[in-house]
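# Reading the structure
The residues making up each chain are set out below.
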Protein chains: 2
Amino acid sequence: MFKGVWEDGVPDLFGAIEAGGTKFVLAIGTSHDNIVAQTIIPTATPDETLGAAIAWFQDQRQLAAIGISCFGPVELDRTSPQWGYITQTTKPGWSQTDVAGLFGRTLECPVGFDTDVNGAVLGEYTHGAARGCDVAIYVTVGTGIGGGAIVNGVPLHGFRHPEMGHIRPRRHADDMEFDGICSFHGDCLEGLASGPAIKARWGASLSALADNHPAHDIIADYLSQFCATLLAFYSPQRIILGGGVMQTPRLLDRIKGKTGQLSKDYFAYDPQATIAAPNLDNMSGIVGAFELARKAIDDKI
Amino acid sequence: MFKGVWEDGVPDLFGAIEAGGTKFVLAIGTSHDNIVAQTIIPTATPDETLGAAIAWFQDQRQLAAIGISCFGPVELDRTSPQWGYITQTTKPGWSQTDVAGLFGRTLECPVGFDTDVNGAVLGEYTHGAARGCDVAIYVTVGTGIGGGAIVNGVPLHGFRHPEMGHIRPRRHADDMEFDGICSFHGDCLEGLASGPAIKARWGASLSALADNHPAHDIIADYLSQFCATLLAFYSPQRIILGGGVMQTPRLLDRIKGKTGQLSKDYFAYDPQATIAAPNLDNMSGIVGAFELARKAIDDKI
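Now for a description of the structure that goes with this document.

### Focus: the overall build of chain A
- Secondary structure assignment for chain A yields nine helices and twelve strands.
- In terms of overall dimensions, chain A is globule-like: its C-alpha atoms have a radius of gyration of 20 Å, near the 19 Å expected for 301 residues.
- When the backbone C-alpha atoms are referred to their principal axes, chain A occupies close to 60 × 40 × 35 Å.
- Here chain A holds 301 residues, and the buried ones make up 61% of them.
- If you sum the accessible surface of chain A, you get close to 11,700 Å²; carbon and sulfur atoms cover 49% of it.
- Distance from the positive charge centre (22 side chains) to the negative charge centre (33 side chains) of chain A: 3 Å.

What follows is the structure in structure tokens.
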């Protein structure tokens, strides 16, 4: 049972969740710029975290719809019995967890559901750094590395959804010994340039290393190879680089410069304009989740 | 002036052009499976080749519309004064050549225009190996290496259009000495695995080398890295590999096997089903050009 904690007659309220591997951000509002309640829950077991999230929403007003930007891999096929599940994940305890269905049933409202990075790119497309772009990419470089794409206003799904962090860059000449930490691929991009991969080599986060430490050049090189490959494959108008590692001072500028060198101006683009930080700070995922909620109603899901 | 060489009362006729770096294939028909005239013109200078193509079409019946799948880079932005041009190309004499505008003006009909590989993926999507796919990729491995993408039925454009052949694979341990032949990037994929790159190393086409020649393994490795990156970036339901080099016996099977090994089953797909040869033989581009012509009328261009 829901409690009507606000006066009657207010506009429809949407719920929004950014479900991450470290924390769940929950919000309620008429839109992303009119949030009336917000909280954060640490990501523990599915029972604990999903239970606490549901209890928090149930303690508020009935929602018109809820949108969820979720860490993955997830099932996005609406015709699959596993739609809305986190599928086979490296995060202990979370494989085969029903997320979207659980919220839909308990909160009794339509649910929009996508990956965390597709949610983020949708947020940046509707209200941030990717406005007006036919093709834009959002990449998070943090505990893991992942990317979402939006093409003509629709987050890209395909067979499942992109897993962009698992490509194999060429190894930097000063970084040939490290085996990489990806449990699937060893020295793929995530295995070389994610936050844990940086800590595994140098014992600290990139921000904590002196600006002349070779790690800055090595990590910028890997991420620049990634951006050059994105340019070749997608011809995006915008590549947005977010996540904890991207908070490192000067990293974005290093990547812009190196990506231009790697591309040799072949892609006829301006790296300064194409590669950008998120415009919505750490709210891209939540803004996207509000959009997913709105779409769930529009699509009569 | 057009001559009405067929009886009156026949259905609308469409023109279709596959404009390649070696030859132009021209066709006229009510659709791709009812072609009433077809010819091939070698690609010489723009004046010669475009002049001969226009003369051939003018010698036939008035067209309802024409579609062109064109080698590139090309300008696809309908709002640009250079729309329909081949822009800065390595093919001598063809930079800054108006293609679509010229055909539209001289043949007095709407024009649909896209890259050769976007045309091919459109053809395979409407009538070939990519039917029913939300996301599919067509790659040609020949004189150059290029890829086109179709997402939710629409060829992907973005800032310009993908130039997929210019990514940098990791070098194969038995192929460390070769510098690569790409005039922009040296040892990018096109510089390592295109037909001319194969000839530059081993003096013959891949098909002409014995099945146990190490070249087969090396080229399959580079193309498998490419396919694994496509899987990570696009989550496509189909990757179609066409072009002259792909005519090499057993190459497709080698790539399927190696792509699976590289991906470590992370992308939850079956390489046997995802990676495929074109279904339309060497007609993908022409079938796509018929679709582009039809779209030009639907879009009232």
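Next, the rest of the story.
### Thoughts on the pairing of strand β7 (residues 111-115) of chain B
Residue and element names in this part refer to chain B.
- Summarising burial for β7: five of the five residues are buried, a large majority.
- Taken together, the five bridges between strand β4 (residues 65-70) and β7 define a ladder with parallel strand orientation. Each bridged residue has a counterpart across the sheet, and for Gly 67 the counterpart in β7 is Gly 112.

### Observations concerning the relation of the copies chain B and chain A
- Superposing chain B onto chain A requires a rotation of 180° together with a translation of 0.0 Å along the rotation axis, leaving an RMSD of 0.0 Å. Viewed as a symmetry operation, the transformation between the two copies matches a two-fold axis. Taking C-alpha positions as the reference, the residue of chain B nearest the rotation axis is B:Arg170, at 2.6 Å.

### Quick notes on helix α3 (residues 116-127) of chain B
- With twelve residues, α3(B) extends 16 Å from end C-alpha to end C-alpha; this agrees with the ideal 16 Å at 1.5 Å per step.
- Listed as buried for α3(B) are B:Val117, B:Asn118, B:Gly119, B:Ala120, B:Val121, B:Leu122, B:Gly123 and B:Glu124.

### Concerning the interface of chain B and chain A
- Counting from both sides, the interface comprises 40 residues of chain B and, opposite them, 40 residues of chain A.
- For the pair chain B and chain A, the two sides together bury roughly 3,800 Å², of which 60% comes from carbon and sulfur.
- Three residues stand out in chain B for area buried against chain A, namely B:Arg170, B:Phe233 and B:Tyr266, and they jointly supply 25% of the buried area on that side.
- The interface formed by chain B and chain A includes 22 residue pairs in polar contact (both at pLDDT 80 or more).
- Elements with a contribution of two residues or more to the side of chain B that touches chain A: α6 (214-234) and α7 (251-263) of chain B.
- With six residues, α6(B) is the largest single contributor of residues to the side of chain B that touches chain A.
- Across the side of chain B that touches chain A, the residue classes tally to 22 nonpolar, ten polar and eight charged.

### Here's the deal with unusual backbone geometry
- With an omega of 10°, the peptide bond between A:Gly72 and A:Pro73 qualifies as cis.
- Its place among the elements puts A:Pro73 in the loop between β4 (65-70) and β5 (85-86).
- Positive phi, close to 50°, is recorded for B:Asn152, a residue that is not glycine.
- On the basis of relative accessibility, which here comes to 44%, the residue B:Asn152 falls in the partly exposed class.

### Examining the packing of helix α3 (residues 116-127) of chain A against helix α9 (residues 284-298) of chain A
All names here are of chain A.
- Two numbers describe how α3 lies on α9: the axes approach to 7 Å, and their chain directions differ by 85°. On the basis of the axis angle, α3 is roughly perpendicular to α9. Contacts between α3 and α9 involve Gly 119, Ala 120, Leu 122, Gly 123, Glu 124, Thr 126 and His 127 from the former and Ser 284, Gly 285, Val 287, Gly 288, Glu 291, Leu 292 and Lys 295 from the latter.
- Each residue belonging to the contact of α3 with α9 can be placed in one class, and the counts come to four nonpolar, seven polar and three charged.

What counts, and where the lines are drawn
Residues numbered from 1 in each chain as written. Chains lettered and ligands numbered in written order. Predicted model: local features only at pLDDT ≥ 70, side-chain atom pairs only at ≥ 80, totals over all residues. Heavy atoms only, no water. Helix = DSSP H or I, 4+ residues; strand = E, 2+ residues; numbered from the N terminus. Rg over C-alpha atoms; globule rule 2.2 N^0.38 Å. Buried < 20%, exposed > 50% of the residue type's maximum accessible area, 1.4 Å probe, protein only. Areas by Shrake-Rupley, 256 points an atom, 1.4 Å probe, with all protein chains shown as cover. Lys, Arg positive; Asp, Glu negative; His and termini not counted. Charge placed at Lys NZ, Arg CZ, Asp CG, Glu CD. Pairing = 2+ DSSP bridges. Least-squares fit on C-alpha atoms with pLDDT ≥ 70 in both. Expected span 1.5 Å × (residues − 1). Contact = heavy atoms within 4.5 Å. Buried area = accessible area lost by both parts, 1.4 Å probe. Polar contact = N/O pair within 3.5 Å; in protein donor to acceptor, adjacent residues only side chain to side chain. Nonpolar A, V, L, I, M, F, W, Y, C, P; charged D, E, K, R; others polar. Axes fitted to C-alpha atoms, helices over the stretch in contact; angles between N-to-C directions. Parallel < 35°, antiparallel > 145°, perpendicular 65-115°, else oblique.

Scope: geometric values only; no functional claims are made or implied.
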